[in-house]
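A look at the structure
Listed below are the residues making up each chain.
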Amino acid sequence: MLDLLNYEFFRNALIAVAIISVASAVIGTYIVTRRLVAISGGVTHACFGGLGLGYFMGLNPIIMAAIFAVGSSLGVEWMSSRGRVREDSAIAAVWSLGMALGVFFVFLTPGYVPELNSFLFGNILTVSTADLWVFGIYAAVLIASMCMWHRTIVMCAFDSDFARVAGLPVGRVNCFMTVMTAVCIVLTIKLIGVMLLMSMLSLPQMIAEVWCRRFNTIMYASVGVSLGCCLAGLGLSTVIDVPCSSMIVLVMVAVFLVVRGVDALRHIRAGVSA
């Protein structure tokens, strides 16, 4: 495996794993705290509509996916905040509409779309230096925003009603974080794909919540879990020659099961000793 470090594509993959692990852990902690994990699935599948439209019109599919992701996430936030549509209903509508549009435009696109599988299932080994710059800029903006407005973001995430009474700009904060979530989803598509993206935004937090209860500790633990699992998945995929994205998810699930098992044994022993 050390010999692979001589290749630029593998070095790019390692850097991308590190950057996206941090970004997805931060965003994942926010959406888990707000109980919006389902919205990540809706926005993820809405991106497929943008990908299909991009291929059909001959435009950059990532840019079109970003437009669809931001538009759908803001649409869900707007409809649910005004009480016109239940949030789960809005997410279901966005989810189904995005997939339907994606299938429709891909079918209309002449010829075969070879890059489609990489967006559906992910291919981190295709990450370029330009992608790394985009990932890095996004991660820097996200981390800077969390540092500057950490208290406000946490208060709006945990209790939006109290935050409004306290005079905080809940609507603007939620819209900003919704856009950042959508952008994170679009950037991470190339890492793990549309079909497996929700795991990157939920499993590290589920593992961290076994031992942690505070927002900060969950976020920091999620960064470590996400980074460790992604590196382990990337390493194992090169050894046994399987898709990297699926191996990353399998590693995360295995770690979650082990952690939950250890925690269950700890509670059993505590009950017996008592």
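Everything below is about the structure shown above.
Residues numbered from 1 in each chain as written. Predicted model: local features only at pLDDT ≥ 70, side-chain atom pairs only at ≥ 80, totals over all residues. Heavy atoms only, no water.

A tally of helices and strands in the protein yields 13 helices and 0 strands. Secondary structure elements in the protein, listed N-terminal to C-terminal, are α-α-α-α-α-α-α-α-α-α-α-α-α. Buried positions account for 46% of the 274 residues belonging to the protein. Within the protein, contacts between residues at least 6 apart in sequence are counted, and of these 75% link residues at least 24 apart. (Helix = DSSP H or I, 4+ residues; strand = E, 2+ residues; numbered from the N terminus. Buried < 20%, exposed > 50% of the residue type's maximum accessible area, 1.4 Å probe, protein only. Contact = heavy atoms within 4.5 Å.)

Right, let's get into the packing of aromatic side chains. Applying the stated criterion to the full structure yields 3 aromatic pairs. Ring geometry for Phe 56 versus Phe 105: centroids 5.6 Å apart, planes at 35°, classification tilted. Here Phe 56 is found in helix H2 (residues 37-57), whereas its partner Phe 105 is found in helix H4 (residues 87-108), with 49 residues between them in sequence. Looking at Phe 56, the relative accessible area reads 38%, which means it is partly exposed. Within the aromatic cluster, the residues linked to one another by ring pairs are Phe 56, Phe 104 and Phe 105. (Phe/Tyr/Trp six-rings, centres within 6.5 Å; stacked < 30°, edge-to-face > 60°.)

Bringing the side chain of Ser 222 into the picture now. Here Ser 222 lies in helix H12 (residues 215-240). Overall, the relative accessible area of 0% leaves Ser 222 in the buried class. Once you skip the residues sitting within four places of it in the chain, Ser 222 turns out to touch Ala 25, Thr 29, Pro 204, Gln 205 and Ala 208.

To continue, consider the layout of surface pockets. If a probe as big as a water molecule is rolled over the atoms, it shows which places are left empty. The volume enclosed by the second largest pocket comes to roughly 230 Å³. Every residue lining the second largest pocket is counted, 10 residues in all, and those nearest its centre are Ile 62, Val 134, Phe 135, Val 186 and Leu 187. When residues of the lining of the second largest pocket are traced back to their parent elements, those giving at least two are helix H3 (61-81), helix H6 (129-148) and helix H9 (170-192). Of the residues forming the lining of the second largest pocket, the biggest block, 4 residues, is contributed by H9. Across the lining of the second largest pocket, the residue classes break down as 8 nonpolar, no polar and 2 charged. (1 Å grid on protein atoms, 1.4 Å probe; cavity = no way out; pocket = protein on both sides within 12 Å on 5 of 7 lines; lining within 4 Å. Points joined across faces, edges and corners; volume = space filled by probe spheres on them. Nonpolar A, V, L, I, M, F, W, Y, C, P; charged D, E, K, R; others polar.)

This part covers the nonpolar core. Counting residues in each nonpolar core, the largest one holds 69 residues, and the members touching the most others are Ile 27, Ile 124, Phe 135, Tyr 138, Leu 142 and Met 146. Non-local contacts of Met 146, meaning those with residues more than four positions away in its chain, are made with Val 26, Ile 153, Met 177, Phe 215 and Met 219. (Core = buried A, V, L, I, M, F, W, Y, C linked by side-chain atoms within 4.5 Å.)

Before going further, it helps to spend a moment on the environment of Ala 18. Inspection of the secondary structure assignment puts Ala 18 in helix H1 (residues 8-33). A residue is classified by how much of its surface remains accessible, and Ala 18, at 31% relative accessible area, is partly exposed. Put simply, Ala 18 and Leu 227 are 209 residues apart on the chain and 6.0 Å apart in space, counted from C-alpha to C-alpha.

The next thing to look at is the environment of Leu 201. Within the secondary structure, Leu 201 sits in the loop between helix H10 (197-200) and helix H11 (203-209). With relative accessibility at 1%, the residue Leu 201 sits in the buried group. Considered as a pair, Leu 201 and Ser 40 are 161 residues apart in the sequence and their alpha carbons are 7.8 Å apart. The residues contacting Leu 201, other than those within four sequence positions of it, are Ser 24, Ile 27, Gly 28, Ile 31, Val 32, Ser 40, Cys 184 and Ile 185.

This part is about H12. Between its first and last C-alpha, H12 extends 37 Å over 26 residues, near the 38 Å set by a 1.5 Å rise per residue. For H12, the full list of buried residues reads Phe 215, Ile 218, Met 219, Ser 222, Val 225, Ser 226, Cys 229, Cys 230, Gly 233, Leu 234, Gly 235 and Ser 237. Looking one or two places after H12, you find Asp 241, whose phi comes out positive at around 60°. (Expected span 1.5 Å × (residues − 1).)

Right, let's talk about the environment of Ser 145 for a bit. Summarising the element assignment, Ser 145 is placed in helix H6. Note on Ser 145: relative accessible area 5%, which makes it buried. Note: C-alpha distance between Ser 145 and Phe 176 (31 residues apart in sequence) is 9.8 Å. Apart from residues lying up to four places away in sequence, Ser 145 is in contact with His 150, Ile 153 and Phe 176. Polar side-chain contacts of Ser 145 include one of 2.7 Å to the backbone oxygen of Val 141. (Polar contact = N/O pair within 3.5 Å; in protein donor to acceptor, adjacent residues only side chain to side chain.)

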